[in-house]
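Observations on chain architecture
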Amino acid sequence: MKEKILVANSSMPEFEEYMEEIKPLWNSHWLTNMGVIHQKLEKQLTDYLDVEHISLFSNGHMALELAIQAFNLSGEVITTPFTFASTTHAIVRNGLMPVFCDINKEDFTIDTNKIESLITDKTTAIIPVHVYGNICNIKEIERIAKKYDLKVIYDAAHAFGIQYNGRGIGSYGDASMFSFHATKVFNTIEGGAISFGDNQLEGKLYRLKNFGIRDEVTVDGVGANAKMNEFQAAMGVCNLRHVEEEIEKRKQVVNRYRDRLQNVKGLYLTMDQENVRSNYAYFPVVFDETVFGATRNEVCDRLKENNIFARKYFYPLTNTFECFNGEYNVEETPIALHISKRVLTLPLFADLTLDNVDRICDIVLSLQKI
Ligand code: T4K
């Protein structure tokens, strides 16, 4: 059997580089609670992501959940179901009602033409997703948010390092959440961050991730524990040194996939967006079985038989999850439903060799009906 290839493969620094970074911890014994490495990474990421403020978290999900809480939202929040469980769960766990908007079929982000019809007097925010690192229609979202006085919190879990119109993607909206999970373009093992412009949010987020503690004798908020520890931060400091190189390598992989798959009938690929510096986070392919000759599931299974583990991100849609007991009507997001049944994200990581990309493409193309 040929080499096993998973959909992602964590980027890691050289062992010695990481050891060097964590060595001082054996003197300080300060392992968490916003230590020196945490502070260093926060500063470095503020610069790298080109945003005004950053707050680090133990993971992306807690970052999103607590950011939503920090805005004291109520009622309904407009979002999309074509995402990871985290986006919807963060809304529901805040006691808010997700109102699902459909996605567009070009880049799978929120269809901004459909947002306004979903706004009611209970709507307080929009939580759009820069899914796969495809940037939402920011200009239109800004216009709508301003018109109806809504907060905008981007789920930018996939959007690390992306620039739009020469600005860091996290500088748009009221806040953005980045995920630094092991599978992401940049990782801190587990981890995440909120970027934001309003400096009043800084103290709120700090307390929410640290039990609501203001000082040693004052606890004036009901907070959680979602602090990034020093070992996570050290991984981030090391990985940040190499991230540009990683993105460049990902780009080579994506270009090879595109060379091989872009003009194949029945396959739909997303391309680089205008005025966007991409991070090449995911490589989704949509299979139109009536033209291509094989379904997404058949392609996925054939790859598996060959020890290649692509993933059906994002199937099933979050508005169909069992935990919601049929509360949401999936018919209201027909494009999201259509795409979720046909999309497959192919393996993509910096060290995926072009030979292996060819191996994957050969298997995919072997299923094409001629
Ligand atoms: N919003 C969006 C839109 C998201 O996509 C996510 C996370 C979040 C919010 C929440 O952010 P975090 O709280 O996670 O920071 C994976 C990731 O765990 C998850 O972070 C990510 N999205 C999601 C799209 O993918 P699973 O359940 O598919 O993970 P798993 O364990 O099946 O791993 C997938 C592949 O990654 C493996 O086949 C191999 C590789 N891998 C995995 C691990 C755990 C590694 O290379 N190293 C590893 O340590 O969710």
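The structure this text deals with has already been given above.
Residues numbered from 1 in each chain as written. Predicted model: local features only at pLDDT ≥ 70, side-chain atom pairs only at ≥ 80, totals over all residues. Heavy atoms only, no water.

**Here we look at empty space enclosed by the protein**
Throughout the structure, instances matching the rule amount to one cavity of 30 Å³ or more. In this model, the largest cavity occupies a volume close to 160 Å³. Together, 17 residues line the largest cavity, and Tyr132, Asn134, Arg258, Thr270 and Ser278 are the ones closest to its centre. For the lining of the largest cavity, the secondary-structure elements that each account for two or more residues are α8 (230–261) and β15 (283–287). Residue composition of the lining of the largest cavity, grouped by class: nine nonpolar, six polar and two charged. When residues of the lining of the largest cavity are assigned to domains, at least three map to each of domain 1 (15–238) and domain 2 (242–366). (1 Å grid on protein atoms, 1.4 Å probe; cavity = no way out; pocket = protein on both sides within 12 Å on 5 of 7 lines; lining within 4 Å. Points joined across faces, edges and corners; volume = space filled by probe spheres on them. Helix = DSSP H or I, 4+ residues; strand = E, 2+ residues; numbered from the N terminus. Nonpolar A, V, L, I, M, F, W, Y, C, P; charged D, E, K, R; others polar. Domains from an automatic or database assignment.)

**Points about the environment of Asp50**
Mapped onto the elements, Asp50 comes out in the loop between α3 (36–48) and β2 (53–57). Residues in contact with Asp50, not counting those within four places in the same chain, are Leu45, Gln163, Gly166, Arg167, Gly168 and Ser171. (Contact = heavy atoms within 4.5 Å.)

**Let's talk about the environment of Ser74**
Mapped onto the fold, Ser74 is located in the loop between α4 (60–70) and β3 (76–79). Those residues in contact with Ser74 that lie beyond four places of it in its chain are Leu96, Lys122 and Thr124.

**Concerning the sheet that holds strand β7 (residues 163–164)**
If you walk across this open sheet you meet the three strands as β8-β7-β14, and the pairing is antiparallel. The open sheet has two edge strands, β8 (167–168) and β14 (276–277), and neither has a second partner. Pairing geometry for β7 and β14, over two bridges, is antiparallel. Across the sheet, residue Gln163 finds its bridge partner in β14, namely Arg277. (Pairing = 2+ DSSP bridges.)

**Remarks on helix α5 (residues 85–92)**
What α5 keeps buried is the set Ser86, Thr87, Thr88, Ala90 and Ile91. Along its buried surface, α5 packs onto α4, β3, β4 (97–100), β5 (123–127) and β6 (151–155). (Buried < 20%, exposed > 50% of the residue type's maximum accessible area, 1.4 Å probe, protein only.)

**Description of the site of the ligand**
The immediate surroundings of the ligand are formed by 26 residues, with Asp155, His158, Ser179, Arg311 and Tyr313 found nearest. The side chain of Ser10 places a nitrogen or oxygen atom 2.8 Å from a nitrogen atom of the ligand. One of the side-chain N or O atoms of Asp155 is found 2.7 Å from a nitrogen atom in the ligand. Alone, the ligand offers 920 Å² of accessible surface; in the complex the protein occludes 75% of this. Contributing elements (two or more residues each) for the shell around the ligand: α4, α5 and β9 (175–179). Grouping the amino acids of the shell around the ligand by side-chain chemistry returns ten nonpolar, 13 polar and three charged. In this structure, the shell around the ligand is formed jointly by two domains, domain 1 (15–238) and domain 2 (242–366), each of which donates at least three residues. (Near = heavy atom within 4 Å. Polar contact = N/O pair within 3.5 Å; in protein donor to acceptor, adjacent residues only side chain to side chain. Areas by Shrake-Rupley, 256 points an atom, 1.4 Å probe, with all protein chains shown as cover.)

**A short note on the pairing of β15**
Most of β15 is tucked away, with five of its five residues classed as buried. Alternating residues of β15 divide into Phe283, Val285 and Phe287 and Pro284 and Val286, and every residue in both groups is buried. The sheet contact formed by strand β13 (residues 267–269) and β15 spans three bridges and is antiparallel. Bridge assignment links Tyr268 to a residue of β15, and that residue is Val286. Direction of pairing for β15 relative to strand β17 (residues 343–346): antiparallel, over a ladder of four bridges.

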